[in-house]
Amino acid sequence: MRRPGRCPMTGWRRRSSSRGGSCSAGCCRRTLICGRCASCGTFRTRLAAGEKAARKRMATLGVVYDAEPAPRRPHDVIAVPGGRAGQRRPRARPRAMRKWLCGSVITGPGAVIAKVFNHAEARDPGHVRPWVVLVDGARHQLDLIASQAARRGIRVHIVIDFVHVLEKLWAAAWSLYPPAAPAAEDWVASHALALLAGHTGHVISALAAQAATVGARRRDGIDACIRYLSNNAEHLRYDQALDAGWPIATGVIEGACRHLIADRFDLAGARWGLAGAEAVLKLRALVANGHFEEYWSFHLARQHERVHQSGYQDGYALTA
């Protein structure tokens, strides 16, 4: 799942394929402004020592979708340094279909990931399709996903969100080049193409050699990139993902963060209590999934039962 901005996308996504199809899922986290509530603040009318106004809360979202595999090559994702030549158009990426959303501002990532697994398992109860999980590399996400997969006996293929990897490469580039240097773009493109081709070890070695030539004050970005790639090397097999036609970026969950969370909760001056935010988020998910009419019929039936049947039925005696 992820956070503000990039939605700290704790973005994990899962995908599978049967008869050429695939099923994907993802989680993301988004920051909300939290109003005063008993669980958040010490005082009702003023801030306590050390408290700050506009406290924020992470919303966790999950997405499940189907996609037809779309095999690609590295040059279909990233243009070579200097730009593309010729008339060949890049191959299309996988398209998300039949998306299903869920979310919460009260429960944590574990509960949302479990719910996403439940829904994806309902689509593929026999586990006959390969399941692919897209993440941003956060260790707690990987642990939660591994726990769910092991408990259900599902083999998942974990792929790190490539856009997140690009952000790390750009941070490394600014350790080597001055701001806005044109050469930085070609440097990032060449290393990104190498990663897409499956040469993660070569990229790490090249970055380490270049980092040795940089002063200690400027090495933060490139050192962080080397650590990130080294820690997640087993999940950077983009060559396999592209050959299989899997998605390698978390655009679906990023879009869900925008239209499900930001468009309603990030309004200027908005303040939310947890109960109200949770209710609105669940209703927006129902609308996005196309299930609102079905839910509303269920809600009215339950409301009628609570107000009328359960309150008065026992007070009457049946007579013949």
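Provided above is the structure to which this section pertains.
Residues numbered from 1 in each chain as written. Predicted model: local features only at pLDDT ≥ 70, side-chain atom pairs only at ≥ 80, totals over all residues. Heavy atoms only, no water.

S.K.: I would appreciate a short explanation of the packing of aromatic side chains in the present structure.
M.R.: Two measures describe an aromatic ring pair: the distance that separates the ring centres and the angle between the ring planes. One pass over the structure, following the stated rule, counts eight aromatic pairs. Judged by centre distance (5.5 Å) and plane angle (35 degrees), the ring pair of Trp170 and Trp174 falls under tilted. With Trp170 and Trp174 both in helix H4 (residues 162–176), this residue pair falls four residues apart, about one helical turn. The exposure class assigned to Trp170 is partly exposed, which follows from its relative accessible area of 30%. (Phe/Tyr/Trp six-rings, centres within 6.5 Å; stacked < 30°, edge-to-face > 60°. Helix = DSSP H or I, 4+ residues; strand = E, 2+ residues; numbered from the N terminus. Buried < 20%, exposed > 50% of the residue type's maximum accessible area, 1.4 Å probe, protein only.)

S.K.: Just checking my understanding: could you explain unusual backbone geometry for this structure?
M.R.: For residues besides glycine, phi is generally negative; the peptide bonds are generally trans as well. For Arg98, which is not glycine, the phi torsion reads 55 degrees and is therefore positive. Along the chain, the position of Arg98 falls in strand S4 (residues 96–104). With relative accessibility at 54%, the residue Arg98 sits in the exposed group. Residues other than glycine seldom take positive phi values, yet Ala180 does so here, at roughly 65 degrees. In this structure, Ala180 sits in the loop between H4 and helix H5 (182–196). Take Ala180: its relative accessible area is 68%, and that puts it in the exposed class.

S.K.: So what exactly am I meant to see when it comes to the layout of surface pockets here?
M.R.: The method is simple in principle: a probe with the dimensions of a water molecule rolls over the atoms, and the space it marks as empty is what remains. Each pocket or cavity is described by its volume, and for the largest pocket that value is around 570 Å³. Contributing to the lining of the largest pocket are 27 residues, with Arg93, Pro94, Pro247, Ala249 and Gly251 lying nearest its centre. Elements represented by at least two residues in the lining of the largest pocket include exactly strand S3 (56–67), helix H1 (74–77), S4, H4 and helix H9 (251–265). Tallying contributions element by element places H9 first for the lining of the largest pocket, with five residues. (1 Å grid on protein atoms, 1.4 Å probe; cavity = no way out; pocket = protein on both sides within 12 Å on 5 of 7 lines; lining within 4 Å. Points joined across faces, edges and corners; volume = space filled by probe spheres on them.)

S.K.: Would you take a moment to explain the pattern of salt bridges for this structure?
M.R.: Opposite charge on two side chains permits them to pair, given that their charged atoms come into close proximity. Evaluation of the coordinates by the stated rule reveals nine salt bridges. Lys282 is the salt-bridge partner of Glu278, the closest N and O atoms lying 3.3 Å from each other. Of this pair, Glu278 and Lys282 both sit in helix H10 (residues 274–289), four residues apart, which is roughly one turn of the helix. Exposure remark for Glu278: the relative accessible area of 10% places this residue in the buried category. Each member of the salt-bridge network shares a partner with another, and the members are Asp66, Arg98 and Arg123. (Salt bridge = Lys/Arg side-chain N within 4 Å of Asp/Glu carboxyl O.)

S.K.: I tried to follow the pairing of strand S5 (residues 131–135) on my own but got confused; where do I start?
M.R.: Working note: regular strand, side chains alternate between the two faces of the sheet. Judged by how many residues are buried, S5 sits mostly within the fold: five of five residues are covered. Along S5, one buried face is formed by Trp131, Val133 and Val135 and the opposite face, lined by Val132 and Leu134, is buried too. Since S5 and strand S6 (residues 156–160) lie parallel, the crossover through helix H3 (residues 139–152) that links them has a hand, and here it is right-handed. (Right-handed = clockwise from strand over helix to strand, strands pointing away.)

S.K.: Could you clarify how one ought to interpret the side chain of Asp76 in this entry?
M.R.: In this structure, Asp76 sits in helix H1. Polar side-chain contacts of Asp76 include one of 2.8 Å to the backbone nitrogen of Arg73. (Polar contact = N/O pair within 3.5 Å; in protein donor to acceptor, adjacent residues only side chain to side chain.)

S.K.: Looking at this model, I keep getting lost on the side chain of Arg72. Mind explaining?
M.R.: Mapped onto the elements of the fold, Arg72 is located in the loop between S3 and H1. Although buried, Arg72 forms no salt bridge, and the nearest oppositely charged side chain, Asp76, lies 6.4 Å from it. At 2.9 Å, the side chain of Arg72 and the backbone oxygen of Trp246 are in polar contact. If we ignore the near neighbours within four places in the chain, the residues touching Arg72 are Val77, Arg91, Ala92, Arg93, Pro94, Leu242, Asp243, Gly245, Trp246, Pro247 and Ile248. (Lys, Arg positive; Asp, Glu negative; His and termini not counted. Contact = heavy atoms within 4.5 Å.)

S.K.: I keep staring at the environment of Val112 and nothing clicks. Help me out?
M.R.: Here Val112 lies in helix H2 (residues 109–123). Judged by its relative accessible area of 3%, Val112 falls in the buried class. On a C-alpha basis, the gap between Val112 and Val63 in space is 9.6 Å, while along the polypeptide they are 49 residues apart.

S.K.: Quick question: what am I supposed to make of H2 here?
M.R.: One full turn of an α-helix is made of 3.6 residues, so residues set three or four places apart face in the same direction. Taking 1.5 Å of rise per residue, the 15 residues of H2 would be expected to cover 21 Å, and the 21 Å separating its terminal C-alpha atoms lies within 8% of that figure. Of the residues making up H2, those classed as buried are Pro109, Val112, Ile113, Ala114, Val116, Phe117, Ala120 and Glu121. (Expected span 1.5 Å × (residues − 1).)

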